[in-house]
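Structural overview for review
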Amino acid sequence: MATLIGPGYLFLLLILLFGFLYGFRRWKSLGPAYKLVSYLLFVVFLAQFSAKLIVVLFQHSNHGVFHILIPLQGLLYGLIFSKLITHKSKPSRYPFYLGLSFSLISIGLSIYHSMDGFAFPSANISLLSVFMLSGSFLLYYQLIQKPSEQSLFRQSTFWFATANLVFYAGSFLIFGLYDWMLVQDGHLPTWARKVIYFLNYFLYGSYIISIYLDATNQRQAK
Amino acid sequence: MTINDYELFILLGTSLSFLLIAFIILVVVLYRRSQLKFEMEKQALHQALLQTEVEIREQTLQNISRDLHDNFGQIASLIKINLNLLSDQLSDKDQKHIAESKEHLKRLIGDIRSLSSALAHDTLAKQGLAKMIEADLQRVSRSGALKVSFNNQYQESLIDAQQSVFLYRMFQELLNNALKHAQAANFKVHLKGEDQMLSLKVKDDGIGIPKDKLHNQKHSLSGNGLLNLQERCAMIGADYSLNSKEGEGTEIEIRLTANQT
């Protein structure tokens, strides 16, 4: 099994495991947005773990798992953004509605594509990337509009927005060209897999940093 | 995938990475700029609040000064007149008491007048900084609480009225601290004006400020005395130095450049 689960994948699972365990451990010190980020890490961990199990135990395609994961992620991201983005000093509900709309569209796309069997949901990921990039730009805008005395690098929102910006900009490029790459080579090139792993490490690593900073800042504020 | 396709992908990826890095740097720069603007606005607001606080305090002191002069001073004067009327009809023993009372009353009227002058900032404008400081020191000296000395090498009109009020209030706070907390026997004041530069140095031989209080300035001297001093200095563009060791007294010097008008 160790050879079937490569070191890169194992490392990703460990980051996710550490991330949500750390989030749950600091639960009381976390703000509502970062509690949701901890949940998100837990959901992604479960999805990635079960996706690998399906391949290892049943030698079956695991694409279906990602068709379930992506709408769930959209919904959770919508909730997180609605806690982080404020309108007139109150959390805004619009990001949640956008996340919900994205989830419904994503489910619709999956059903539409399922007629030919579950392919990898590259279109759904590209769509999610657009949603996430817009959210990140809004968070940056909000940070610049409402600065605090704290350094930008000590702010959890900055790490959360940067993680999403880097990951989803990369994902948009790779998964936007995913089908084209498959047509060219018949499979995803090794370098593209390595880039995806790197982007994942960056994303979830930065989420852990943001959870740590939020817990520290919330504790100091008390 | 051909070599050309691969190169195209590398090119796209590299361009995207550079774009992202440039964007994040731009966010950091914009944030820093916005943060500086925010800090400046906060500072300006703090200054405005301090200014208002000072103005309110000055107004309150002015009112107290007027009340002292118009009410208490007048009543004391009336009592003195009555005592003068009484004294002829009394026995020698009672007359002695009346004379003593008149002497106390005379001192009380003097003190009320000088306290009233010390509180009113328009008296400061009329009499000048050096005379006001001298009057305060004389009052303290008369009370016997401290031995004072005043070395004045200051020509009036070097600094403007607002700077004078601030400097005088700072001096009063330092004198008050020496009386209340320092347990000092001697209090020396040196006022010097030279080349648009004014220096006010006060020194006492009291218990000094303990190290922990010196490092935690918010709680040193009287409550937040040092912080007050710091803020007032900042408001008139003065700077100050403090020298204090436990058991060896405290020396504070305030240096101020006159406003160019």
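Residues numbered from 1 in each chain as written. Chains lettered and ligands numbered in written order. Predicted model: local features only at pLDDT ≥ 70, side-chain atom pairs only at ≥ 80, totals over all residues. Heavy atoms only, no water.

**Quick notes on the overall build of chain B**
This is how it is decided: Here a strand is any run of E in DSSP of at least two residues, a helix any run of H or I of at least four, and the numbering for each starts at the N terminus. Radius of gyration: over C-alpha atoms. The globule rule applied is 2.2 Å multiplied by the number of residues raised to the 0.38 power. Contacts between residues were defined by any pair of non-hydrogen atoms, one from each residue, lying within 4.5 Å. Accessible surface is estimated by sampling points in the Shrake-Rupley manner with a 1.4 Å probe; for residues, cover comes only from the protein chains shown. Asp and Glu count as negative and Lys and Arg as positive, but His and the ends of the chain are not part of the count. In this description, the location of a charge corresponds to atom NZ of lysine, CZ of arginine, CG of aspartate or CD of glutamate.
Looking only at helices and strands, one finds seven helices and five strands in chain B. When the helices and strands of chain B are placed in sequence order, the string is α-α-α-α-β-α-β-β-α-α-β-β. Relative to the compact-globule value of 18 Å for 261 residues, chain B shows a C-alpha radius of gyration of 30 Å, a clear excess of over 25%. In chain B, once contacts between residues fewer than 6 apart in sequence are set aside, the share between residues at least 24 apart is 67%. Accessible area for chain B stands at about 16,000 Å²; split by element, carbon and sulfur atoms hold 55% of it. Between the mean site of the 30 positive side-chain charges and the mean site of the 32 negative ones, chain B shows a separation of 5 Å.

**Structural notes on the interface of chain A and chain B**
Operational definition: As a working definition, buried area equals the accessible area (1.4 Å probe) given up by two parts on being put together, with both sides summed. Counted as salt bridges are all cases of a side-chain nitrogen of Lys or Arg within 4 Å of a carboxyl oxygen of Asp or Glu. Under the rule applied, a polar contact is a pair of N or O atoms within 3.5 Å (in protein, one hydrogen donor and one hydrogen acceptor; residues adjacent in sequence only if both atoms are side-chain atoms).
Contacts between chain A and chain B engage 26 residues on the former and 18 residues on the latter. Each partner contributes to the roughly 2,100 Å² buried at the junction of chain A and chain B, and carbon and sulfur atoms together form 78% of this total. The three residues of chain A that bury the most area against chain B are Ile144, Pro147 and Trp191 of chain A, which together make up 28% of that side's buried surface. Here chain A is connected to chain B by one salt bridge. As a salt-bridge pair, Lys42 of chain B and Glu149 of chain A come within 2.0 Å of each other at their nearest N and O atoms. On the surface where chain A and chain B come into contact, there are eight residue pairs in polar contact (both at pLDDT 80 or more). Of all the elements in the fold, those that place two or more residues in the side of chain A that touches chain B are helix H5 (122-145), helix H6 (156-176) and helix H7 (178-185) of chain A.

**Topic: empty space enclosed by the protein**
All names here are of chain B. Our working rule: The rule is simple: put a 1 Å grid over the protein atoms alone, call a set of points where a 1.4 Å probe fits but cannot get out a cavity, call an open set with protein on both sides within 12 Å along at least five of seven lines a pocket, and count a residue as lining if it has an atom within 4 Å of a point. Grid points are joined across faces, edges and corners, and a volume is the space filled by probe spheres set on the points. Gly falls in the polar group here, along with every residue not listed as nonpolar (Ala, Val, Leu, Ile, Met, Phe, Trp, Tyr, Cys, Pro) or charged (Asp, Glu, Lys, Arg).
Evaluated as defined, the whole model comprises two cavities of 30 Å³ or more. The volume enclosed by the largest cavity comes to roughly 60 Å³. Surrounding the largest cavity, Val54, Arg57, Glu58, Val165, Phe166, Arg169 and Arg232 form its lining. Every element with two or more residues in the lining of the largest cavity is listed here: helix H1 (3-86) and helix H5 (161-180). Residue composition of the lining of the largest cavity, grouped by class: three nonpolar, no polar and four charged. Volume-wise, the second largest cavity comes out at about 50 Å³. Lining the second largest cavity are Leu50, Glu53, Val54, Arg57, Asn228, Glu231 and Arg232. Only H1 and helix H7 (225-236) provide two or more residues apiece to the lining of the second largest cavity.

**As for the sheet that holds strand S1 (residues 147-153) of chain B**
All names here are of chain B. The criterion, for reference: For two strands to pair, DSSP has to find at least two bridges joining them. Helix axes are fitted only over the stretch in contact, all axes being lines through C-alpha atoms; the angle between N-to-C directions runs from 0 to 180 degrees.
Strand order across the open sheet formed by five strands is S1-S2-S3-S5-S4, with mixed pairing between neighbours. One side of each edge strand has no neighbouring strand; the edge strands of this open sheet are S1 and strand S4 (239-244). Within this sheet the neighbouring strands show an average axis-to-axis angle of 10°, counted without direction. Here strand S2 (residues 186-194) runs beside strand S3 (residues 197-204); their pairing, made up of eight bridges, is antiparallel. Each residue of the ladder has a partner; that of Lys192, found in S3, is Ser199. Docked against the sheet, helix H4 (residues 129-143) engages S1, S2 and S3, running at close to 170° with respect to S1. Lying over the sheet, H5 contacts S2, S3 and strand S5 (250-257), oriented at roughly 180° with respect to S5.

**Details of the layout of surface pockets**
Residue and element names in this part refer to chain A. Of the volumes computed, that of the largest pocket is approximately 790 Å³. As for the largest pocket, its lining consists of 31 residues, and the residues nearest its centre are Gln48, Phe66, Phe120, Phe175 and Ile196. Of all the secondary-structure elements, those providing two or more residues to the lining of the largest pocket are helix H1 (7-25), helix H2 (32-58), helix H3 (63-84), H5, H6, H7 and helix H8 (190-221). For the lining of the largest pocket, the per-class residue count stands at 20 nonpolar, nine polar and two charged.

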